[in-house]
Amino acid sequence: MTSATSSTGPCSWDIRTTREELAAGRISHVEHLDALLERLPVAERLGAVIAADPELTRAFGHALDRRETRGPLTGIPLAVKDIVDVAGFPTTGGTRALEHDVVGRDAAAVRSLRVAGALFPVKTNLHELSFGITSNNGCFGAVRHPENPALSPGGSSGGSAVAVAVGLVPAAIAADTGGSSRIPAALCGIVGFRPTLGRYPSSGVLPIAHSRDTIGPMARTVDDVVLLDALLAGEHPHGAPSPRHLPPLDEEDDGVLHGVRLGVPGLFLRDLEEGVDAVFGAALRALEAAGAELVEVDISQAWERATPAGMTIALHEFLPDVEAYLAARGTGPALEDLRAGIGSPDVRRIWEMAEVFRAADDDYRAALVERQAALRLYTGAIQAQGLTALVQPTCPLTARPVGDDETVELNGRRAPTFDTFTRHANLAGVLGTPGISLPAGRTAAGLPVGLELAGGPFSDAVLLDLARTVEALLQER
C-alpha cells in the first residue's frame, strides 16, 4: 500500500480516485481508512477535531470489505462540522453546555450521505456557535492553519477546512451563513460551496438564522462537491455527473470558455492585499485567454443594502432558532444554559446583541424588505449584462495570525477582522444565492488565495459546471 503521507497516497486522494482504487481492489476499505486515520493526530494538534471514533470507523471498514453492494460514497469518510447532528456524537456547536448531550439521530443531510455509504469518523471544531470568522474557540481551543500553525484557517468552519487540507478526509459537511464554508476553503487552498438557500435539507443543524443558513460542502475538488451536491439535493442519487450547461464551443475557437461572460465586480477589487491582487489578476488573465469575456459589473447598491439587513436578520433570528433547535432535540440544556457556558468573548457580545435584536420586530421586517430589494438589484445586474456568473476574490486577504480576533493588518493599517474577511462572501449569504470558492494560486509568501464564482438564485448547476472548467484552467496555470 502506498504511504499515507506521500503525495500519491490515500491522504491526497479525492473521492473519485478513492472509489476507483477501492473498486479495482488495489486497496481495501480498512487499509484506506487506516491510512487516513494516520492523519488524525495532525488534525488534532491543529485543533481541528472536537470528537473522533476511529475504532468504530475501522469496524465499519471491516464490514464493508465483506459487502458486495456499493453506494456512491461507500467507505468514504467525511468530516462533519460540529453543528450538524450525527447519531452517537454530541453536537456541541463548539460550546461547553452541549458537550455531553449525545444526539440519537442524524441530521437530514447526514442521513442522505449515510444512505449513500459515507462514514462519519470525526466532528470538527469551529468558531463557537458558528458566530465568528477566526475559529479561535474559547471552549475547545483555536483551530490552526494547516501550513502555518501560527495562522488562523478562517471560519466559522475552520476545523472542517483543516481536516480536508491535511488529508484526514477527502471532504467535509460544513455550513455557510455568510461565508463560513467558502472563506476557510479559500484560506486553506481547498474548494468550498454555498448552494442556493433551501437546496439542501436543514433539519438537525444548530442554526444561526433560518433565512440565511445552509449546509456547505468542502472538498479537494469540484467534482467531489458536485457529487455531494447531487446527493444532498436528492437529484442524482447514484452520483452521476450533472449535465453540461456551458455554451457550446465555436468550432473555429478552441477556448474552453468561449461564449461565457463573467462579471467582475469593481467593488471587490478595492483594497486587496497585494498578494491576493496579484494572484487574482493572473487568474483573470487565464480566464480571458481561455475565451471568457470579462465584463465590469456594478453590484454596489445591492451590497450596501444587503450588508446591514443581513446582520439585523441574523441577530433577530438567532436566539429563537437556537431555542427551537434545542426543543426539537428534546433533551439537554436550555437557552440560558448555553448563554452561561459561552467561552469566547466575541460570541458573548454577539449573544447580548441578539437579546436586544430579538424584540426588534419592526427592524426585522424592514431588513427583510431591504434584502428583497438588494436581491432584485443583484439579479438585475447579472441579467442586464447576460452574465454566466460573477468572478471575485473570495477574501480580500490571506490567512492572519491566531488571536487577531478584533482587527487584522491590511495594507499598512488595522481593519476589523469580521467585516474584512466577510466583505466579499457575505452578499451571497444574505441574498441566499450560490457561490463556490476555488484555489486560485498562492502568494509570494506561499499562502493560498481563493477565487469565488457567484451566481443568481438557482444557478447552482451552471455554477458547478463552470467551476469544473475554471478549476482545470487554474490548475494548468
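Residues numbered from 1 in each chain as written. Predicted model: local features only at pLDDT ≥ 70, side-chain atom pairs only at ≥ 80, totals over all residues. Heavy atoms only, no water.

As recorded in an unreviewed UniProt entry, the chain goes by Indole acetimide hydrolase and comes from Kocuria dechangensis.

Novice: I keep staring at the confidence of the model for the chain and nothing clicks. Help me out?
Specialist: Within the chain, residue pLDDT values average 93, and 94% of them lie at 70 or more. Contacts of residues 1–7 to residues separated by more than four positions or lying in other chains number 17 contacts, the stretch itself having pLDDT below 50. Every residue in residues 237–253 is under pLDDT 50, and counting partners more than four places away or in other chains gives 28 contacts. (pLDDT = per-residue confidence, 0-100. Contact = heavy atoms within 4.5 Å.)

Novice: Before we go on, may I ask you to explain the nonpolar core in this structure?
Specialist: Counting 81 residues, the largest nonpolar core has Leu73, Leu78, Leu113, Ile436, Leu451 and Leu453 as its most contacted members. Residues contacting Ile436, with those up to four places away along its chain left out, are Arg182, Val191, Gly192, Phe193, Val222, Val225, Leu451, Glu452, Leu453, Leu463, Leu464 and Ala467. Counting residues in each nonpolar core, the second largest holds 21 residues, with Leu46, Val49, Val164 and Ala185 among its members. (Core = buried A, V, L, I, M, F, W, Y, C linked by side-chain atoms within 4.5 Å. Buried < 20%, exposed > 50% of the residue type's maximum accessible area, 1.4 Å probe, protein only.)

Novice: What exactly am I supposed to notice about the pattern of salt bridges here?
Specialist: What the rule picks out here adds up to 28 salt bridges. With a closest N to O distance of 3.2 Å, Glu273 and Arg400 form a salt bridge. With Glu273 in the loop between strand E9 (261–265) and helix H9 (274–289) and Arg400 in the loop between strand E11 (389–393) and strand E12 (407–410), the pair connects residues that are 127 residues apart, well separated along the chain. Assessed through its relative accessible area of 15%, Glu273 is described here as buried. Among the salt bridges present, the one from Asp362 reaches Arg365, with a minimum N-O distance of 2.5 Å. Placement of the pair is Asp362 and Arg365 together in helix H13 (residues 361–384), with a separation of three residues, close to one helical turn. Residues joined by salt bridges that share partners form a network here, namely Arg16, Asp223, Asp465 and Arg468. (Salt bridge = Lys/Arg side-chain N within 4 Å of Asp/Glu carboxyl O. Helix = DSSP H or I, 4+ residues; strand = E, 2+ residues; numbered from the N terminus.)

Novice: Sorry if this is basic, but what is going on with the pairing of strand E14 (residues 435–442) here?
Specialist: Moving residue by residue along a regular strand, the side chains alternate between the two faces of the sheet. In the sheet, strand E7 (residues 191–194) pairs with E14 via three bridges, with the strands oriented antiparallel. By the bridge assignment for E14, Arg194 is matched with Gly435. Bridge analysis of E14 against strand E15 (residues 448–454) gives seven bridges, and the strand direction is antiparallel. Its bridge partner lying in E15, Leu438 is registered against Leu451. (Pairing = 2+ DSSP bridges.)

Novice: What's the story with the sheet that holds strand E3 (residues 119–124) in this structure? I'm lost.
Specialist: Strand pairing in a sheet relies on backbone hydrogen bonds. The paired strands run either parallel or antiparallel. Spatial ordering of the open sheet is given by E1-E3-E2-E6-E8-E7-E14-E15-E11-E9-E10, a layout of eleven strands whose pairing is mixed. In the strand order of this sheet, the two ends are held by strand E1 (49–52) and strand E10 (293–297), each with one partner. The sheet shows a mean angle of 30° between the axes of neighbouring strands, direction not considered. Contacting strand E2 (77–81), strand E6 (171–176), E7, strand E8 (214–219) and E14, helix H8 (residues 222–233) crosses the sheet at an angle of about 150° to E8. (Axes fitted to C-alpha atoms, helices over the stretch in contact; angles between N-to-C directions.)

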